[in-house]
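Analysis of the macromolecular model
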Amino acid sequence: MYAEDITNRKIADQQTVDHQDQQQMEEQILQSERYYRLMSENSLDLISRHAVEERKQFEFKLQENEQRYKSLFEYNPSAVYSMNLQGDYLTANANLEKLTGYSLDELIGMYFGPVVHEKDMEKTLYHFNLAAKGYPQSYELTLIHKEGHFVEINTTNIPIIVDDRVVGVYGISRDITERIRYTEQIEKLSNEYTLILNAVSEGIFGLDMEEKVTFINPAGLQMLGYEHDEIMGHSYLDHIQQTALDGIHYRPEESPLMTAIRSGVSFQSKDAVLWRKDGTSFLAEYQVTPLFDKGEPKGVVVVFRDITDEKEIIRAKESAEKADQAKSEFLAVMSHEIRTPMNGIVGMTDLLAETELDEEQRGYTDIIKESSSSLLYILNEILDYSKIEAGKMMIVHEPVRLQEVLDSVTDLFMAKALEQNIELSYSMAAGVPTLIMGDAGRLRQVLVNLVSNAIKFTDRGSVCIYVEQKMSVDPKKSTLKFNVRDTGIGIPLENQHQLFQSFYQLHSSFNRKYGGTGLGLAICKKLVELMGGAIAVESSEGEGANFYFTLQINPESGYEGDEEVVAQSEWKSTQEIESGSDSDVPMDIGANVILLPEGPALSASNPEPSRGDPS
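Per the secondary structure count, the chain includes 15 helices and 20 strands. Expressed as a percentage of its 615 residues, the buried residues of the chain come to 38%. Of all intrachain contacts in the chain linking residues separated by at least 6 positions in sequence, the fraction that spans at least 24 positions is 61%. Working note: accessible area of the chain is about 36,100 Å², and carbon and sulfur atoms make up 53% of it.

This paragraph deals with the sheet that holds strand β5 (residues 165-175). One open sheet accounts for 5 strands, arranged β2-β1-β5-β4-β3; its pairing is antiparallel. Both outer strands of the open sheet, β2 (89-92) and β3 (137-144), are each paired with one neighbouring strand and no more. Within this sheet the neighbouring strands show an average axis-to-axis angle of 30°, counted without direction. Note that strand β4 (residues 150-162) and β5 share 10 bridges and pair antiparallel. Of the residues in β5, the one forming a bridge with asparagine 154 is arginine 174. Strands in contact with helix α4 (residues 121-132) are β1 (79-83), β3, β4 and β5; relative to β3, the strand with the most contacts, it is inclined by about 140°. In the packing of helix α5 (residues 177-199) onto the sheet, contacts are made with β3, β4 and β5, and the angle to β4 comes to roughly 130°.

The subject of this paragraph is the pairing of strand β14 (residues 435-438). Residues of β14 alternate between two faces, with Leu435 and Met437 on one and Ile436 and Gly438 on the opposite face, all of them buried. Bridge count between strand β12 (residues 398-401) and β14: 4 bridges; the pairing is antiparallel. If you follow glutamate 398 over to β14, its bridge partner there is glycine 438.

Judged by nonpolar contacts, the single largest core of 52 residues is most densely connected at Leu443, Leu447, Leu450, Phe482, Phe547 and Phe549. Here the element with the most residues in this core is helix α12 (residues 440-456); it accounts for 8 residues. Once you skip the residues sitting within four places of it in the chain, leucine 443 turns out to touch Val400, Leu402, Val405, Phe482, Met531, Phe549 and Leu551.

A separate point is the packing of α12 against helix α14 (residues 520-530). At their nearest, the axes of α12 and α14 sit 10 Å apart, and the two run at 150° to each other. The orientation of α12 with respect to α14, classified from their angle, is roughly antiparallel. Judged by the twist between their axes, the crossing of α12 over α14 is left-handed. Together, Arg442, Gln445, Val446, Asn449, Leu450 and Asn453 of α12 and Gly520, Leu521, Ile523, Cys524, Leu527 and Val528 of α14 make up the contact between the two elements. In terms of residue class, the contact of α12 with α14 is built from 7 nonpolar, 4 polar and 1 charged.

At aspartate 164, a residue that is not glycine, the phi angle is positive and equals roughly 60°. Under the relative-accessibility criterion, aspartate 164 is labelled exposed at 79%. The residue lysine 294 is not glycine, and still its phi comes out positive at about 55°. Under the relative-accessibility criterion, lysine 294 is labelled exposed at 84%.

Turning to the packing of aromatic side chains, a few remarks are in order. Taken as a whole and judged by the stated rule, the model has 6 aromatic pairs. Taking the centre distance of 6.1 Å and the plane angle of 45° together, the rings of phenylalanine 267 and tyrosine 286 count as tilted. Residue phenylalanine 267 is located in strand β9 (residues 267-275), and its partner tyrosine 286 is located in strand β10 (residues 281-293); the two are separated by 19 residues in the primary sequence. A relative accessible area of 2% places tyrosine 286 in the buried class.

Take the side chain of lysine 481 next. You can see lysine 481 is positioned in strand β16 (residues 478-486). Glutamate 468 provides the closest opposite charge to the buried, salt-bridge-free lysine 481, at an N-O distance of 4.1 Å. The residues touching lysine 481, leaving out its near neighbours within four places in the chain, are Tyr466, Val467, Glu468, Lys470, Tyr548, Phe549 and Thr550.

With that settled, consider the confidence of the model for the chain. The pLDDT averaged across the chain works out to 76; a share of 71% of its residues lies at or above 70. Of all helices and strands in the chain, the one with the weakest mean pLDDT is strand β20 (residues 593-595) (32), whereas α4 scores best (94). For the stretch residues 574-615, pLDDT sits under 50, and the model shows 140 contacts to residues farther than four places along the chain or on other chains.

The next point concerns the pairing of strand β6 (residues 203-207). Walk down a regular strand and you will see the side chains alternate between the two sheet faces. Counting buried positions along β6 gives 5 out of 5 residues, so the element sits mostly inside the fold. Here β6 shows a buried face lined by Gly203, Phe205 and Leu207 and a second buried face lined by Ile204 and Gly206. In this sheet, strand β11 (residues 296-306) lies alongside β6 in antiparallel orientation, the contact comprising 5 bridges. Each bridged residue has a counterpart across the sheet, and for isoleucine 204 the counterpart in β11 is valine 303. Of the strand pairs in this sheet, β6 and strand β7 (residues 213-216) are connected by 3 bridges, and their pairing is antiparallel. Residue pairing in the sheet places leucine 207 in a bridge with valine 213 of β7.

Let us now look at α12. Compared with an ideal rise of 1.5 Å per residue, which puts 17 residues at 24 Å, α12 spans 24 Å between its outermost C-alpha atoms and is within 8% of the ideal. Burial of α12 is extensive: 14 of the 17 residues sit out of reach of the surface. The residue sitting at the N-terminus of α12 and contributing the capping side-chain oxygen is aspartate 439; that oxygen lies 3.1 Å from the backbone nitrogen of glycine 441.

This paragraph deals with the packing of helix α11 (residues 402-419) against α12. Between α11 and α12, the shortest axis-to-axis distance is 10 Å and the interhelical angle comes to 35°. For the crossing formed where α11 meets α12, the hand is right-handed. The residues of α12 that touch α11, namely those facing Leu402, Val405, Leu406, Ser408, Val409, Leu412, Phe413 and Lys416, are Ala440, Leu443, Arg444, Leu447, Val448, Val451, Ser452 and Ile455. Within the contact of α11 with α12, the residues separate by chemical class into 12 nonpolar, 2 polar and 2 charged.

Calculation criteria
- Residues numbered from 1 in each chain as written.
- Predicted model: local features only at pLDDT ≥ 70, side-chain atom pairs only at ≥ 80, totals over all residues.
- Heavy atoms only, no water.
- Helix = DSSP H or I, 4+ residues; strand = E, 2+ residues; numbered from the N terminus.
- Buried < 20%, exposed > 50% of the residue type's maximum accessible area, 1.4 Å probe, protein only.
- Contact = heavy atoms within 4.5 Å.
- Areas by Shrake-Rupley, 256 points an atom, 1.4 Å probe, with all protein chains shown as cover.
- Pairing = 2+ DSSP bridges.
- Axes fitted to C-alpha atoms, helices over the stretch in contact; angles between N-to-C directions.
- Core = buried A, V, L, I, M, F, W, Y, C linked by side-chain atoms within 4.5 Å.
- Parallel < 35°, antiparallel > 145°, perpendicular 65-115°, else oblique.
- Left-handed = near helix turned anticlockwise from the far one by under 90°.
- Nonpolar A, V, L, I, M, F, W, Y, C, P; charged D, E, K, R; others polar.
- Phe/Tyr/Trp six-rings, centres within 6.5 Å; stacked < 30°, edge-to-face > 60°.
- Lys, Arg positive; Asp, Glu negative; His and termini not counted.
- Salt bridge = Lys/Arg side-chain N within 4 Å of Asp/Glu carboxyl O.
- pLDDT = per-residue confidence, 0-100.
- Expected span 1.5 Å × (residues − 1).
- Polar contact = N/O pair within 3.5 Å; in protein donor to acceptor, adjacent residues only side chain to side chain.

Written out as structure tokens, the structure reads:
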């Protein structure tokens, strides 16, 4: 038997095994440590990556919120700003610069007070303080721009709240200046529209497409007899009815007014019968005008007026005109009829005066002749006046030699002037043409009337006709002024405005002393006006008078038939007649031919001049 001590080997083997196991264990531990470390590293990396991701997302959202706030703040069309609780600007966008005129550097840290108009300062502080207490506010105020002009704005104040505490105030403001001006303009136009509607005497009301009254002015309410609330918004047919002129009521759908309203076309009626609230009717004239907005019918406007009184006035006027025409025709006929036998009486009286008469018979004959002449003179005036009133007097247009007209007038009154020891003369200023175009007969008639009056009211002194040339307002025209000056009794200033009225005399005593009808100056006035001129008087009581009239002439026109010498100045007086001399002032050669304005085409059938009366 062989025995071998293998203890050491076993021990060695065991040690080997143990060593191997220990190595394996160590290997496993190391492996575990590697796994743990790897796992730890991976976990930390995962956690780190997750944290970074979250941080990125947070930063993105923060940036997004900042961009949104920036967009809201910077690109807002309104001025956006923030203030602390003392009212100092902390932030502001560019629109606040435009609104106030101050730069951002000037605004930041600036108190809002200096930019607020003093009239709105109390209101602004009131609303700002409420916002600072947590109550949002909206109001309007006026800013003072840095350049000095005013800016109307609407402002909203919003409290800035952090941790349930108000730390400041946001402001959002926008310019409403144009809106305010536009609103004021609309209000002004509306007010003017209301004033116009209230001021016109015609009734005006509007109807919508449902035939309801949309507006009516006070004149319309008064004519229809309604109160404003009774008719506004109600159907037209409930209040305004129309009948025919014979009194028969129209059916609503058949009345001309309703037909025009529903047809949408303009319509006018001169003789409609409308009814008031109290059941009475009135004659009316109305106009219906449709209203359109961008081609779409919106209703109608009806303008009407009461012509009842007007019709009565027209009928009365027509009646008065017929009566006046009948009177004028009667006067004209009677004047003609009476003047014919009167001419016979005057003629036969002249023949009788040439026969052999004793002193008493000659006195009777002179009285008959003087009375006949006075009566014929009155008839001539009445005939002239009636012809002028009837519009049947014609102003002719023919060459007129001023010197011949003035000679004939002075010759007519020379004997009377010598009898009263009055100097009668005429003269023309240098540059006055002696040949004009006009009506010699009517010009002579006016001068005769004025000279007759002048001699009649002048006991001593002189009567002078003086013709001068005046420049007109129109540089292409000139004016002739005819003056008849006397040194007679004169006319009080307070009576001068009545001188040219028909049948007017200063006092009844003048009629008894001087005679006349009071038509002479009235006829002169109408004749001068028919020739396109004007007449007036300058006088003081006891200091004589100057009756003058003007006729407009055209210095550029000419008359080819005038090749004779034209007098630039002419003087003829009673002194020359008494001395037997009639020497003329040397005449200058000229070619001045002036056209007087043509008057209305009337008929001149009375060749004898009508002489003037005391007026």
